[in-house]
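# Inside the fold
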Amino acid sequence: MTAKYKIIFFLPIALIIGMVLKMVLPTPNLNDAYRDYCWVKKTHSTEQFNILAIGDSRIYKGVNPTYLLDVNSEFNAVNLGYSSTGYSKEYLSFVSNRIKEKGKRVILSGITPYSFTPEALKNEHYKSFHDKNTMEVYKMLYLSVYLKSFPRYSPEEIWDYFTDASITYLYYNDFKENGWVKSYKFPFDSTAGLIPYRKNFVDNTSDDTAVEEYLNWVKKMSDKDVEIIGFRPPSTLAMEQLEDSLSGFNYSSFISKFKQNGGVWLTFSLKDYVSYDGSHLHYESANKFSKNLGLKIEKYLK
Amino acid sequence: MVFNSLEFLFFGLLFFLLWPLFKKKDTSRWLYLVSASFLFYGWWDWRFIFLIIGSGLIDYFSGLWIEKFPKYRKYSLILSLIGNLGSLSIFKYSLFFATSLDSLLLKFGVHSNLANNIPEFALILPVGISFYTFQSLSYTIDIYRGRLKPTKNLLHFFSYLSMFPQLVAGPIVRAKDLLKQLTKVPSVNSLQVWHGIKLIVFGLFQKVVIADNLSLFIDSAFSGSKYYEGPAYWWFVMVAFAFQIYCDFSGYSLIARGLAKTMGYHFKMNFNHPYLSSSLKEFWGRWHISLSTWFRDYVYIPLGGARRGIYFGLLFLWVTMLLSGLWHGANITFVIWGAMHALFLTLERFYAKVKFFSRIPKGLLILITFIQAVVAWVFFRAESFDQSITVLKSMFMFQSSDFKFLTTYFDAMIFLGTAIIIELVILFKRYKISVQSVYQRYNLDVLFISIALVAIVMFRGEGQQFIYFQF
């Protein structure tokens, strides 16, 4: 075969091999190109919504906007949660810009004690996407998105698939364009989150000034007829007890001030939901929780 | 801009689309090459284009003056040396020298605090500075030695100095090899294009599939997490690093050569399967060839080389290796890495005289050489001298090993195995001519390149910068 034909044939041969492999191999658990696209879109889109879900990873894994709209289908919704989000001025300003300027508007704000700690207020996860330069953002929004059709394969996943090996560990994260992350972990361990959280609160307890600033923001938004609905994202009883004892955050005092500033507080029963690690909801529970949340906010959207 | 990025894919496609339009006339060809190269470099930080222009102008004029004023040629060369080594010292070594001096003076009770007074701009390491300054230096030194005629055309000079395939991480192309090529209209036939494609695809495979997939395993080991310990674990980590750095850098060089070949230019081979060497002397003839020959031609031989007897020869060898270590990074660990190689090379010169060692089977010699390289890599990779010692102790302590890391890093082990198998196949191919002929008869290169391309897409690691960018 001459070099000319080699140049002509190598691409079609690669395409055939690639297509055959794609048919034969299992779909990878993680599509990181699409993951990056989802985070960048969440951060840099200027689209405005009637319903926002804000807070930390318990929110972006626990509130699925699709189910919020089950009974509120005439509206649009997005999840603006990030890992270890703190209610800093910067984050609240980002949220304020994403709510519609007119009409019925609801902000669902997940309140965890960690959200008011100095470490959370750094908002490193949010900033890692916010601080990307225009070129990076453009690349991720308009170029990387095409990579979602070409996920990265892991030899281990392929090995497990073809050898029928029993899976001993799996951390599944499926990123959605609406900001929700469908997530679960195998094996379940409802105490796994306790150790890191215990460490998280060492020399890092709730900051009163940050709480005050958040409550002022609630007042400001309520005055603009935006309904701020606060709630404690469901986790486990052990986690709630740990947070209450170590965080320095007083829920009852917070809730009364929150209501005084115009916010609406909702409570949910822990036993209705399952957390896979003691902190985050299994995706089935997240859907159930979102459906309930959707029903509870229906009256505020009428 | 890095070769394994989407930006480069578009840049490369656009460049090669327009290349035939510009390549026919000298001026348009050079202008196009220089503009594209500055765009390529400026994508990282456009401000440092001026550094290349600045040091390039010094060398361009130094070259002209050496020829025009032969009586003062030494001063022109000194100007070039000051320009290049000066910018290298400021941007790469100022912090290292300042902290070293601070700690030295502190021993005499003097608090100098030089490190904190370095201007902020000098703390940024311009990408590829070590490569293009060495390339530029070779130009003026060769003119000084009468081995090269300076170019009178500034665009011609800058198209040599800044040519994007090799600008940021080599190979360090000599002016005498490339300047002449750049004066001709490059013609490319389909065989050259096919060779270019093969080099680019295999280079990307080495970088994206092997090196990037090994990085998680190695980085977590050196992050100090201490999840795993024991000699077996650290030997695996270091062997993985040996292949990561090889595939990362060799991959870059192959892509650079492939791009040049597709444009119609020829860069010499920079890596020739170094881990198949049966001595460290051979290793240095196969590893980063453009740098090792640079040090040989511009440091070792001018010092006196082997001509002044065995002991002076060894002294010059040590000087060259220590400088080579320092070239890689402004840290004592890199200098020790150079010293380790100098030590092993010294021992090798003595062993060569003992008859017993000539009877050792070649396979065993290859293994011994590889182990020496792996041990030296510890200093190259470790974050500090203390960490190097800890890792070396772990590697050579006789204690039980926990092999759980093999399942945790299953993917990394698969890619490490792939890299080793590829090298073994090359070794096998080298001695079994029949394999070579089967390979050619059935055009297996088309199949292998197609498979490599599929692997690049489906088994790519998390995008990483090329390791050698930091040098």
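## Considerations on the interface of chain B and chain A
Each partner contributes to the interface: chain B provides 22 residues, whereas chain A provides 20 residues. Where the side of chain B that touches chain A is concerned, the elements lending two or more residues are helix H1 (6-22), helix H9 (190-222), helix H19 (410-431) and helix H21 (444-458) of chain B. Per element, the largest residue contribution to the side of chain B that touches chain A is nine residues, and it comes from H21(B). Within the side of chain B that touches chain A, the residues separate by chemical class into 16 nonpolar, three polar and three charged.

## Looking at helix H3 (residues 49-68) of chain B
Residue pairs spaced three or four apart in an α-helix point in one direction, given the helix's 3.6 residues per turn. Residues and elements named next belong to chain B. Helix length check: H3 (20 residues) gives 28 Å between terminal C-alpha atoms against 28 Å at 1.5 Å per residue, within 8%. Of all the residues in H3, the buried ones are Ile52, Ser55, Gly56, Ile58, Asp59, Tyr60, Ser62, Gly63, Trp65 and Ile66. Its buried side turned inward, H3 meets helix H2 (26-45), helix H4 (73-107), helix H5 (129-144) and helix H6 (154-162).

## Overview of the domain arrangement of chain B
Residue and element names in this part refer to chain B. You can read the domains of chain B as domain 1 (6-186) and domain 2 (191-470). On a C-alpha basis, the centres of domain 1 and domain 2 stand 26 Å from each other. Contact with domain 1, which involves 25 residues of that partner, is made by 24 residues of domain 2. The class makeup of the residues in the side of domain 1 that touches domain 2 is 17 nonpolar, six polar and two charged.

## Describing the nonpolar core
Ranked by internal contacts, the top residues of the largest apolar core, which has 121 residues, are Val201(B), Leu214(B), Val237(B), Ala240(B) and Phe243(B). Shared between two domains, this core holds at least three residues of each, these being domain 1 (6-186) and domain 2 (191-470) of chain B. Non-local contacts of Val201(B), meaning those with residues more than four positions away in its chain, are made with Ile449(B), Ala452(B) and Leu453(B). Counting 54 residues, the second-largest nonpolar core is a separate cluster that includes Tyr87(A), Tyr114(A), Phe116(A) and Phe175(A).

## Section: helix H12 (residues 289-303) of chain B
Residues and elements named next belong to chain B. The terminal C-alpha atoms of H12, which comprises 15 residues, lie 20 Å apart, in line with the 21 Å expected from a rise of 1.5 Å per residue. Helix geometry: H12 is bent most strongly at Arg296, by close to 40 degrees. Inspection of H12 places Ile289, Ser290, Leu291, Trp294 and Tyr300 among the buried residues, and these make up the whole buried set. Gly304 sits one or two residues past H12 and shows a positive phi near 140 degrees.

## Brief notes about the sheet that holds strand S7 (residues 264-266) of chain A
Residue and element names in this part refer to chain A. Read from one edge of the open sheet, five strands run S2-S1-S3-S6-S7, paired in parallel fashion. The sheet is open, and its two borders are formed by strand S2 (77-79) and S7, each paired with just one other strand. Within the sheet, the average angular offset between the axes of one strand and its neighbour, ignoring direction, is 20 degrees.

Reading guide: rules and limits
Residues numbered from 1 in each chain as written. Chains lettered and ligands numbered in written order. Predicted model: local features only at pLDDT ≥ 70, side-chain atom pairs only at ≥ 80, totals over all residues. Contact = placed C-beta atoms within 7 Å. Helix = DSSP H or I, 4+ residues; strand = E, 2+ residues; numbered from the N terminus. Nonpolar A, V, L, I, M, F, W, Y, C, P; charged D, E, K, R; others polar. Expected span 1.5 Å × (residues − 1). Buried ≥ 20, exposed ≤ 12 C-beta atoms within 10 Å, placed from the backbone. Domains from an automatic or database assignment. Core = buried A, V, L, I, M, F, W, Y, C linked by C-beta atoms within 7 Å. Bend = angle between axes of the 7 residues up to and from the residue. Pairing = 2+ DSSP bridges. Axes fitted to C-alpha atoms, helices over the stretch in contact; angles between N-to-C directions.

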